[in-house]
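Analysis of the macromolecular model
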Protein chains: 2
Amino acid sequence: MLRTHRCGELSEANIGEEVELSGWVHRRRDHGGVIFIDLRDREGIVQVVVDPDTPEAFALADKVRSEYVIRVRGKVRRRPEGTENPAIPTGKIEVLAHELEILNRAETPPFPLDSEVPVSEEVRLRWRYLDLRRPEMQEKLRLRHRITQLLRRFLDAHGFLEIETPFLTKATPEGARDYLVPSRTHPHAFFALPQSPQLYKQLLMIAGFDRYYQVVRCFRDEDLRADRQPEFTQLDIETSFMDEHDIMALMEEMMRDLFQQVLEVELPNPFPRLTYAEAMRRFGSDKPDLRIPLELVDLGDVMAGVEFKVFAGPANDPNGRVAALRLPGGGDLSRKEIDDLTKFVSQYGAKGLAYVKVNDVAKGRDGLQSPILKFLPDAVIDAIVQRTGAEDGDIIFFGADKARVVNEALGALRVKLGQDRGLVEEGWRPLWVVEFPMFEWDEEEKRWVALHHPFTAPACSIEELKAYPGKAVSRAYDMVLNGVEVGGGSIRIHTPQMQQAVFELLGIGEEEAREKFGFLLDALKYGCPPHGGIAFGLDRLVMLMTGSKTIRDVMAFPKTQTAACPMVDAPARVNEQQLRELFLQLRKLPQQRAREKAENAS
Amino acid sequence: MLRTHRCGELSEANIGEEVELSGWVHRRRDHGGVIFIDLRDREGIVQVVVDPDTPEAFALADKVRSEYVIRVRGKVRRRPEGTENPAIPTGKIEVLAHELEILNRAETPPFPLDSEVPVSEEVRLRWRYLDLRRPEMQEKLRLRHRITQLLRRFLDAHGFLEIETPFLTKATPEGARDYLVPSRTHPHAFFALPQSPQLYKQLLMIAGFDRYYQVVRCFRDEDLRADRQPEFTQLDIETSFMDEHDIMALMEEMMRDLFQQVLEVELPNPFPRLTYAEAMRRFGSDKPDLRIPLELVDLGDVMAGVEFKVFAGPANDPNGRVAALRLPGGGDLSRKEIDDLTKFVSQYGAKGLAYVKVNDVAKGRDGLQSPILKFLPDAVIDAIVQRTGAEDGDIIFFGADKARVVNEALGALRVKLGQDRGLVEEGWRPLWVVEFPMFEWDEEEKRWVALHHPFTAPACSIEELKAYPGKAVSRAYDMVLNGVEVGGGSIRIHTPQMQQAVFELLGIGEEEAREKFGFLLDALKYGCPPHGGIAFGLDRLVMLMTGSKTIRDVMAFPKTQTAACPMVDAPARVNEQQLRELFLQLRKLPQQRAREKAENAS
């Protein structure tokens with residue numbers, strides 16, 4: 001072994017010991033005829049001193065540069081008084097080396113690893129193996145490992161079996177596009193990479209495994225907006241003979257255990273639960289960030305009678321909503337700032353952003369300031385002030401539109417104001433969102449779509465479901481943490497009759513159902529236990545727990561926003577022979593066609 | 001929760017307790033006006049008794065059939081004397097149920113689950129979720145889970161970090177065909193599914209992670225012979241600053257630990273090590289099954305001078321080999337049996353199978369019986385008898401051909417005879433095979449090919465490697481267990497100069513090297529630590545440890561021999577829209593072309 005210790009592990013306890021270390025030269029400097037090397041490995045940095053008394057080692061030390069890989073032998077000693085470095089754990093000691101070996105040289109890295117100079121993500125991903133050397137990235141992936149192992153241990157201890165499911169499988173309808181894999185042995189047929197092991201885990205319950213989990217890669221060929229990746233990792237869980245309350249209780253316990261062990265944080269016991277309806281009403285979102293002390297307030301009833309159409313219209317529309325959001329102390333917002341917020345909510349379809357500034361509550365209408373005041377009778381103004389609990393110096397924003405638009409606009413505004421104004425409270429605020437609707441009506445396609453997936457059980461009978469699909473509530477539950485959906489699951493349908501009924505409501509005909517899910521419908525006939533489960537987004541959870549800004553920072557080798565890897569240069573062209581073996585050929589691209597057309601015409 | 005206990009967990013300790021159980025009806029029978037139900041769950045089977053005193057439960061019990069899912073409440077009691085069932089762990093007790101609920105019904109399964117009747121694999125895979133209900137399959141997957149977790153714990157305890165590497169990546173040259181994944185966002189470009197994370201784990205060492213592991217799926221689009229699967233699982237390991245001896249020692253320890261904990265078996269400490277040359281010489285194989293007490297014996301030197309060309313030719317060919325394999329007691333083999341063995345070795349290219357039966361050693365030539373005796377002088381016959389240690393009643397087989405043919409033929413014959421004749425000893429016989437050649441000469445392509453992969457470090461300098469590529473030995477090591485290669489690894493090349501030299505020897509030009517492995521060559525320049533690793537075939541290891549005959553039996557949802565899944569019906573056709581999005585079109589199959597041609601001609 002090329003070492004006796006790791007660099008960062010040394011401490012005053014090792015003083016006087018002869019040690020051998022291997023690692024990277026983090027920094028090297030000459031000082032008073034002596035060479036100082038900050039030697040780095042996974043565990044940290046230690047100062048190595050080489051002096052001219054050991055001429056061979058000194059000559060080599062003179063040659064080393066940043067990121068050289070070296071091995072040294074030497075004695076641990078206390079640093080001379082006044083030269084300690086309290087910034088690093090090994091700061092009280094140093095190693096006086098008498099032997100040094102250059103294990104490998106290094107060219108100057110394309111960006112410095114020992115400074116805080118910001119580097120573009122493109123460059124970081126191109127030379128990811130260097131980016132990952134930075135202690136910050138080392139720490140994130142190490143914590144990811146620890147989190148994964150702790151989750152596994154909890155599940156092991158609770159009788160869950162980790163069972164691997166196939167990656168070369170059949171398209172399933174998780175809503176996104178599948179990655180396809182052409183088969184060579186079955187020409188013109190394709191596998192799909194799984195968007196999740198949903199049906200396999202249900203089959204494992206039907207197979208009697210009782211409790212299953214898997215830390216598993218999932219694939220979605222989506223247009224990468226925000227913080228998505230074509231491949232991501234799920235902690236996938238399924239269990240038989242438990243209802244939603246049992247499952248939520250156990251999953252909470254797992255999270256409390258995890259946060260306790262990793263962050264020494266006590267999460268609430270139990271987690272608060274909000275119905276979907278309440279979450280939308282109070283926060284305009286089904287993944288509310290409870291750290292933000294702002295809430296939406298309904299004004300539909302008071303606005304229903306006003307003459308001001310902007311409010312009266314949505315107030316009288318069964319699909320409309322009129323709501324207010326009070327920002328304490330927001331009276332100081334400038335015209336320009338309010339304009340920017342108006343632009344912000346317009347992204348969510350809001351046609352404007354009405355507001356009222358509260359100068360002096362005691363003065364009633366005269367203490368308020370707003371272009372819309374003149375449209376509102378006193379009683380309405382009183383109701384607004386009272387319901388929002390407005391105080392002097394506040395601003396109240398209004399949303400009035402289709403409920404969906406109001407929720408999205410004010411929900412997003414709530415988060416933005418919370419962040420911009422520094423209102424986000426410290427700490428961790430998990431909750432469960434429950435009682436989701438089974439279906440949403442798609443106005444464009446004129447049909448019901450599943451809010452979760454089509455295997456989610458409703459909390460009602462087949463008859464009720466068919467009679468009032470719009471009112472049916474599902475047995476689904478989402479775990480939300482600080483405004484991020486970290487997990488989602490449900491009790492599943494376990495009879496072929498109910499599964500068939502849901503397929504029918506979703507417009508999946510008998511033939512299509514048989515073609516796509518025949519194996520599931522069959523399996524449900526042979527003694528399927530009541531079962532349910534949940535899946536956690538491991539990347540998101542680790543992102544939150546490590547305080548990272550994107551999931552890319554907690555993945556060793558993520559893809560760019562265009563689903564490519566600049567490091568290995570994937571995806572890449574393949575040769576004609578490979579395509580022939582798969583009985584495929586490339587189709588001309590639109591630009592190729594256009595060029596050919598132009599050439600033919602000339 | 002729909003139960004207080006699992007069925008198989010109940011014992012005499014629970015007598016008198018009120019319990020609730022949920023599970024599957026394994027068998028149901030009426031007997032003396034009472035209904036007996038063998039109720040099954042993951043933990044085992046317990047007998048439930050329902051009598052007419054609880055008429056509601058009794059009426060329901062009367063309706064249940066095999067594989068119904070039911071819940072029962074009742075009291076645990078001791079079985080009446082004489083009715084105990086010593087065959088099952090719960091055989092001393094039964095549950096007198098007073099409440100019964102049918103949770104789900106079941107149609108009659110396509111094959112019985114409660115009997116030992118053999119079922120074809122095609123049927124088992126088609127209804128895999130039923131096949132997996134069989135206690136034997138439950139046990140295998142449960143043990144797989146346990147083995148995986150124990151390996152993880154060992155590695156965790158030794159400072160290895162589990163780090164996930166991408167599945168959507170670039171083609172790497174593991175020797176097999178890649179599965180390709182067309183990219184939608186980069187038209188006409190393809191990802192490859194990894195045949196192993198080889199290069200990523202090396203990059204993780206360059207990134208300074210020091211010790212990495214991953215339980216990871218790998219993909220090979222091979223023609224499925226014998227016991228291969230298109231996707232399989234590897235325990236993938238890499239470490240920095242350790243040499244081959246450190247790595248082998250640690251991996252041995254891991255295996256000893258595993259076998260101790262799972263099977264209560266003590267594996268040898270240390271594992272024996274054989275050089276590749278010795279393994280080939282003694283066993284004709286680089287994965288010898290040491291449980292078989294038969295060895296090959298070289299006869300090249302004694303045969304070099306005989307007139308019999310069949311032996312003299314290969315004996316005088318530097319690439320030839322003449323060897324003998326003695327089967328103790330094999331003198332009883334019939335002419336027909338020997339003919340069958342001759343056919344068997346012909347699969348490996350052997351042109352015949354010469355033999356000598358040993359009737360009476362003391363009589364010399366006259367005590368032997370063989371069609372080839374007449375071609376061999378006395379001195380040679382004496383040498384054969386002496387070297388093989390022949391005794392009365394034995395048979396000696398001969399191989400004389402290119403060394404490769406002799407090794408394959410006699411190596412396979414050794415294993416076959418060992419198995420057919422019941423000579424395979426009990427127990428576990430692990431070993432390391434080391435000192436593999438770096439390269440083999442490919443006669444057809446007239447070029448060197450790597451025996452392992454092109455990132456394997458040689459045990460010599462660049463100069464020696466270039467001067468004598470055929471003599472160069474690699475720093476690779478294979479772990480072999482009972483004739484199965486369960487793991488293989490090596491110390492890797494860690495300088496760009498050596499990597500370039502190996503690429504050149506393999507005929508990979510500078511341009512090709514840059515295109516395929518530019519990122520690795522770059523990475524080696526920026527301070528790559530000395531590193532090495534190993535990968536274990538998890539499926540194979542679990543197969544051995546569970547005493548299974550194929551890896552399919554230790555995978556939840558394996559593919560058939562034609563790389564398909566009859567259960568979900570994958571791979572499957574996709575629609576035109578999906579192909580258009582990927583800028584692909586199907587190429588006509590040969591049979592389609594032929595038909596069209598015929599139609600046009602007519």
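Calculation notes
Residues numbered from 1 in each chain as written. Chains lettered and ligands numbered in written order. Predicted model: local features only at pLDDT ≥ 70, side-chain atom pairs only at ≥ 80, totals over all residues. Heavy atoms only, no water. UniProt positions renumbered as here; feature names shortened; annotations may be inferred. Helix = DSSP H or I, 4+ residues; strand = E, 2+ residues; numbered from the N terminus. Buried < 20%, exposed > 50% of the residue type's maximum accessible area, 1.4 Å probe, protein only. Contact = heavy atoms within 4.5 Å. Areas by Shrake-Rupley, 256 points an atom, 1.4 Å probe, with all protein chains shown as cover. Lys, Arg positive; Asp, Glu negative; His and termini not counted. Charge placed at Lys NZ, Arg CZ, Asp CG, Glu CD. Least-squares fit on C-alpha atoms with pLDDT ≥ 70 in both. Expected span 1.5 Å × (residues − 1). Arc of directions from axis to C-beta. Buried area = accessible area lost by both parts, 1.4 Å probe. Salt bridge = Lys/Arg side-chain N within 4 Å of Asp/Glu carboxyl O. Pairing = 2+ DSSP bridges. Axes fitted to C-alpha atoms, helices over the stretch in contact; angles between N-to-C directions.

Chain A is annotated in an unreviewed UniProt entry as Aspartate--tRNA(Asp/Asn) ligase of Methylomarinovum tepidoasis. UniProt lists a comment for chain A under the heading Subcellular location (unreviewed entry), and it reads "Cytoplasm".

Broken down by element type, chain A carries 18 helices and 23 strands. With the C-alpha coordinates aligned to their principal axes, the bounding extent of chain A is approximately 95 × 75 × 75 Å. Burial statistics for chain A: of 602 residues in total, 56% are counted as buried. Counting contacts in chain A only where the partners sit at least 6 residues apart, residues at least 24 apart contribute 67% of the total. Surface exposure of chain A reaches about 25,400 Å², of which carbon and sulfur atoms provide 50%. Positive and negative charge centroids in chain A, built from 81 and 95 side chains respectively, lie 3 Å apart.

Least-squares fitting of chain A to chain B yields an RMSD of 0.1 Å, with the superposition described by an axial translation of 0.0 Å and a rotation of 180°. Given the turn and translation reported, the copies of this chain are related as if by a two-fold rotation axis. Of the residues that chain A buries at the interface, 100% are likewise interface residues in chain B, meaning the two copies contact each other through the same surface.

Okay, helix 10 (residues 335-346) of chain A next. Residue and element names in this part refer to chain A. The end-to-end C-alpha distance of helix 10, which contains 12 residues, comes to 16 Å, matching closely the 16 Å that a straight helix rising 1.5 Å per residue would cover. Within the span of helix 10, buried status applies to I338, L341, F344 and V345. Viewed along the axis of helix 10, the buried residues span an arc of 110°, placing them on a single side of the element. Within helix 10, the exposed residues directed more than 90 degrees away from the buried face are K336 and K343.

Moving on, we come to unusual backbone geometry. In the segment running from N269 of chain A into P270 of chain A, the intervening peptide bond is cis, with an omega of -5°. Among the structural elements, P270 of chain A can be located in the loop between helix 6 (244-263) and strand 11 (273-275). In this structure, N482 of chain B takes a positive phi of about 50° despite not being glycine. Relative accessible area serves as the criterion here: at 7%, N482 of chain B is assigned to the buried category. A positive phi is found at F583 of chain B, a non-glycine position, where the angle reads about 55°. Turning to its location among the elements, F583 of chain B is positioned in the loop between helix 17 (576-581) and strand 23 (584-586).

A word on the interface of chain A and chain B. In this complex, chain A contributes 126 residues to the contact, which on the side of chain B involves 126 residues. Summed over both partners, the interface of chain A with chain B comes to about 11,700 Å²; 58% of that surface belongs to carbon and sulfur atoms. When residues of chain A are sorted by the area they lose upon contact with chain B, F241, Y526 and R587 of chain A head the list and together hold 8% of the total. Our enumeration of links across chain A and chain B arrives at 22 salt bridges. Across the pair E164 of chain A and R144 of chain B runs a salt bridge, and its minimum N-O distance is 2.8 Å.

Turning to the sheet that holds strand 3 (residues 44-50) of chain A, a few remarks are in order. All names here are of chain A. Pairing within the closed barrel is mixed, and its 5 strands lie in the order 1-2-3-5-4. Going from strand to strand, the sheet's axes swing by 55° on average, the running direction of each strand aside. Summarising the sheet, strand 4 (residues 69-78) and strand 5 (residues 93-104) pair through 10 bridges and their orientation is antiparallel. Bridge pairing in strand 5 places V69 opposite N104. The strands touched by helix 1 (residues 55-63) are strand 1 (18-31), strand 2 (34-41), strand 3 and strand 5; relative to strand 5, the strand with the most contacts, the crossing angle is about 70°.

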